[in-house]
Structures are given as C-alpha cells and as structure tokens.
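Structural characterization, general
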Amino acid sequence: MGIAWSRTVLADERRLSAAELARRVAAPGFGEVTTEHVVSCRWSAEREWHDAEVLPYQPVPMDPAMAGLHYGQVVFEGLKAYRQPDGAVAAFRAVEHAERFRRSAARLAMPEPPVELFLESLAELVAADRRWVPADDSQSLYLRPVLYGTDASLALRPAAGYRLLVLALVVENFFGTDAPPVSVWAGSRYARASVGGTGEAKCAGNYAGAFAAQVEAAEHGCRQVVWLDAAEHRWVEEMGAMNIFFCYGDRLVTPPLSGTLLPGITRASVLALAADLGLTVEERRVSLADWRADATSGAMTEAFACGTAAVVTPIGRVVERDGGFAVGTGPVAGRLLAALTDVQRGRVEDVRGWRYRLAE
Ligand SMILES: *Cc1c(COP(=O)(O)O)cnc(C)c1O
C-alpha cells in the first residue's frame, strides 16, 4: 500500500545525553521508561490510513468527548525487539502480532491496520530510537501499538476516526530478574472473560476489569490471579495476562483456545518449541480441583505462565479461600525459557522464521 511517512526526529543535540540515557535504563522495571519518539497514524473512512508520522515523544491532544475514553474503543499489542549478535534489531513474531492486532480491532468494530503498516511503524520507530535498543541480555525493547477511536462524540456507535500510536519502552523481565516462582490467587468473585465477550481480543477494558482481582490477590499475599471460566468457576483459563501450562513429567498440558482465552503468541511458541525438547503437548481443560489433586500427588511436576512481558514464569503456590497448595518446580519451565530466549536473541538458527528484522 506504500503509505508516505513524515519523519520529525530529534536533532542529535536535542537528544538525551548518553549519560542521562544510561541513568534512565539502569533499572527500567516494566512500563516506566519510554524512548524519545512515537509513531502516529490516522484513519478515516474517506482517507483510510493517512498522516503516518514519526514524532518526538510528546503528549497527544484529546477532546474531552473522545470516543475511546468514554466507550473503551481501544485495542493494543505488545511485542519485544532484541539486539541480535550481528548488531541488527529483530522483533519476535511481529507478523503474528500484526495479525492479532487486526483481529482485536475487528472485534471492537474498528478498522484493521494493515500488517504492512504495523511492521513499517515498528521499523520507523526503531530507526528513530535505535540507540535505546538494549545491549544487555536482561532487557529488551517493548513495542506497544495502541489504536483508539478519536471522535469527539458521545454517540453510541463505532467511531468514525481512529488514531494508531506506537510507543517503545526499555523493559526488564516483568517479574524482575531471577524471579522466584510466583504465588497465585484462585478466587471466584471475578471472571476475566465469558463466551461471546472480548476475552480473545487485546482490548484495554479487559485489563481494567482485571485490576480488582489483582488487588484481591495482593490482599492474599499473591502477585497474580488465576482466572477460572466464568460459567462454572471450575476450569483454569489463564494467569493474570498470561497463558498457563502444566507439566506432567515430559507431558505439557495447556487449556485449549475456547474463545475466552487470549491466544498468546508465547503460548503458540511454547507449543512449537516443546516438540524440539522432546516434550509432548496436549491442549485440554484442567480444573482447579485437578490442579490441586495432581500437584499434591506429585503427578503434576510443574506449572508456569507465559507471555511476552514475563516470557516463562514458574508458579510456586496456589492460594485459595480456605487454604492452598504448593506446586512443584522442575527443569521444564527453565528449558523452555532458554529455548525461547535463544531464538529471540538470535543465539540459535531461526528455523521457523520467528525473527522479524526491523533494522540491519
Ligand atoms: C497479551 C496476553 C497474553 C499473552 O500473549 P502473548 O502474545 O504471549 O504476549 C495472555 N493473556 C492475556 C489476557 C493477554 O492480554
């Protein structure tokens, strides 16, 4: 489609000094440290995608009646880019993220950004903020495309105008480096998603709806929530904003994509890599009662969550209203984490074409 890009990048003397940049990324956490540029693009029915720009990072103006703000017509993506051994910058499975972004947009009755526009946006941003791509193995560049309805109207219909922004952030592992296994709260007061709802879409409102459960988890001394299905409060679906896996020795089990799970790209990657490690995989439902019984008997040897932010994170304990149980730890989560990060960081051959080179 060949959209025309306008680029307003900071002159060298207006960029942060190397010392200030180093200070900001010294302990970036997750979500705090943005780079110096942002990508913006607009959509209208008459002009489709237009005004594609790279701009210095800055606040964006907002009409108080903006549709996205009032009605939550907001979808986003999250993917990571890594410096490669040859100095290039590659994003992990960028095309799959672009395709999911389109599905999320369609679910919220928004225009679907072309895959090519998504990929070009990432490349433009990385070109402008190249020096922010971490060299350190404990960090990565997190890319956050977000699309929202911009109409200044409270009319109850899909907006007529949209804006796509792409931000880049320097992040370290979501749970910190060398995080111990997390403890998770399995309550039944809240549900994340129900059949026919928006659980499969990466929309902002799903996160807002999950925060109360996260607060409840913290009150029970847990860092994360286990989501059970909304209909029966019985089947384990996800952990926080991550997909979940159970290990029975070298057999890997994960809940199927029933329509209420977010189809994680890390989940799909773990399923593919498992075969390389001699693990068998099975997509089937696991109830909280099965989890408790199997973890207690020792048949279930490990459980872990996975997602772009946290990659692979072992689960150490499940806390329930009247008790809880310990979950074993073993080698599988660590082996999968290593296999995944080896592909992401360019340490092994890219046999599946998962690395998308954004800059040479
Ligand atoms: C983003 C997300 C995931 C993980 O998806 P990845 O593509 O692996 O990052 C899992 N569950 C929910 C609810 C999410 O929003």
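Small disclaimer: the values here were computed from a predicted structure and weren't measured.

Another point: helix 6 (residues 265-276). With 12 residues, helix 6 extends 17 Å from end C-alpha to end C-alpha; this agrees with the ideal 16 Å at 1.5 Å per step. Taken from the residues just after helix 6, G278 is the one with a positive phi, measuring 75°.

Counted residue by residue, strand 16 (residues 302-307) has 6 buried out of 6 residues, so it is predominantly covered. Of the two faces of strand 16, the one holding E302, F304 and C306 and the one holding A303, A305 and G307 are both buried throughout. Here strand 13 (residues 242-248) pairs with strand 16 via 5 bridges, running antiparallel. Bridge pairing in strand 16 places I244 opposite A305. Summarising the sheet, strand 16 and strand 17 (residues 311-320) pair through 4 bridges and their orientation is antiparallel. Bridge assignment links G307 to a residue of strand 17, and that residue is V311.

A few words on the domain arrangement of the chain. Taken as a whole, the chain is organised into domain 1 (5-172) and domain 2 (182-344). Taking only C-alpha atoms into account, the centre of domain 1 sits 28 Å from that of domain 2. Across the contact, 20 residues belong to domain 1 and 20 residues belong to domain 2. Note on domain 1 versus domain 2: buried area summed over both sides is about 1,700 Å², and carbon and sulfur give 61% of it. Counting the surface domain 1 buries against domain 2, the share from its top three residues, F76, F92 and R100, is 36%. Our count for the domain 1 to domain 2 interface comes out at 0 salt bridges. Taken together, the connections running from domain 1 to domain 2 amount to 11 residue pairs in polar contact (both at pLDDT 80 or more). Sorting the residues of the side of domain 1 that touches domain 2 by element identifies strand 5 (74-76), strand 6 (79-83) and helix 3 (94-107) as the ones contributing at least two each. At 6 residues, the largest contribution of residues to the side of domain 1 that touches domain 2 is made by helix 3.

What follows concerns the layout of surface pockets. In this structure, the largest pocket occupies an estimated 760 Å³ of space. Around the largest pocket sit 35 residues that line it, and F174, K202, Y207, G240 and A241 are the ones nearest its centre. Among the elements of the structure, strand 8 (139-149), helix 5 (204-219), strand 11 (224-228), strand 13, helix 6 and strand 16 are those that each provide at least two residues to the lining of the largest pocket. Top element by residues in the lining of the largest pocket is helix 5. It accounts for 7 residues.

Once that is clear, we can look at helix 7 (residues 288-297). Residues that lie three or four places apart on an α-helix share one face, since the helix turns once every 3.6 residues. Along helix 7, the residues classified as buried are L288, W291, D294 and A295. For helix 7, the angular spread of the buried residues around the axis is 135°, confining them to a single face. Helix 7 presents T296 and S297 as exposed residues on the side facing more than 90 degrees away from its buried surface. Directly beyond the C-terminal end of helix 7, a positive phi value near 95° is found at G298.

Look at the UniProt record and you will see "modified residue: N6-(pyridoxal phosphate)lysine" (unreviewed entry) annotated at K202. Of note, K202 is situated in the loop between strand 10 (182-185) and helix 5. Apart from residues lying up to four places away in sequence, K202 is in contact with V75, F76, E77, R100, S104, Y207 and L262.

Our focus in this paragraph is the pattern of salt bridges. A side chain with one charge may pair with a side chain of the opposite charge, provided their charged atoms come close. Inspection of every chain in the model, using the stated rule, returns 24 salt bridges. Between R7 and E124 there is a salt bridge, and its shortest N-O distance comes to 2.7 Å. Of this pair, R7 sits in strand 1 (residues 5-7) while E124 sits in helix 4 (residues 115-128), placing them 117 residues apart in sequence. Note on R7: relative accessible area 53%, which makes it exposed. Its relative accessible area of 13% is what places E124 among the buried residues. The shortest N-O distance in the salt bridge between D276 and R352 comes to 2.9 Å. Within this pair, whereas D276 is found in helix 6, its partner R352 is found in the loop between helix 8 (331-344) and strand 19 (355-359), the two being separated by 76 residues in sequence.

Positioned with a positive phi, A109 is a non-glycine residue whose angle comes to about 55°. With respect to the helices, strands and loops of the structure, A109 is situated in the loop between helix 3 and helix 4. Judged by relative accessible area, which is 42%, A109 ranks as partly exposed.

Left-over empty space is what a probe sized like a water molecule reveals as it rolls over the atoms. Under the counting rule described, the total for this entry stands at 2 cavities of 30 Å³ or more. Put simply, the largest cavity is a space of about 60 Å³. Around the largest cavity sit L79, K80, Y82, F92, H97, I265, T266, T308 and Q344, which together line it. The set of elements that each furnish at least two residues to the lining of the largest cavity consists of strand 6 and helix 6.

What counts and how
- Residues numbered from 1 in each chain as written.
- Predicted model: local features only at pLDDT ≥ 70, side-chain atom pairs only at ≥ 80, totals over all residues.
- Heavy atoms only, no water.
- Helix = DSSP H or I, 4+ residues; strand = E, 2+ residues; numbered from the N terminus.
- Expected span 1.5 Å × (residues − 1).
- Buried < 20%, exposed > 50% of the residue type's maximum accessible area, 1.4 Å probe, protein only.
- Pairing = 2+ DSSP bridges.
- Domains from an automatic or database assignment.
- Contact = heavy atoms within 4.5 Å.
- Buried area = accessible area lost by both parts, 1.4 Å probe.
- Salt bridge = Lys/Arg side-chain N within 4 Å of Asp/Glu carboxyl O.
- Polar contact = N/O pair within 3.5 Å; in protein donor to acceptor, adjacent residues only side chain to side chain.
- 1 Å grid on protein atoms, 1.4 Å probe; cavity = no way out; pocket = protein on both sides within 12 Å on 5 of 7 lines; lining within 4 Å.
- Points joined across faces, edges and corners; volume = space filled by probe spheres on them.
- Arc of directions from axis to C-beta.
- UniProt positions renumbered as here; feature names shortened; annotations may be inferred.

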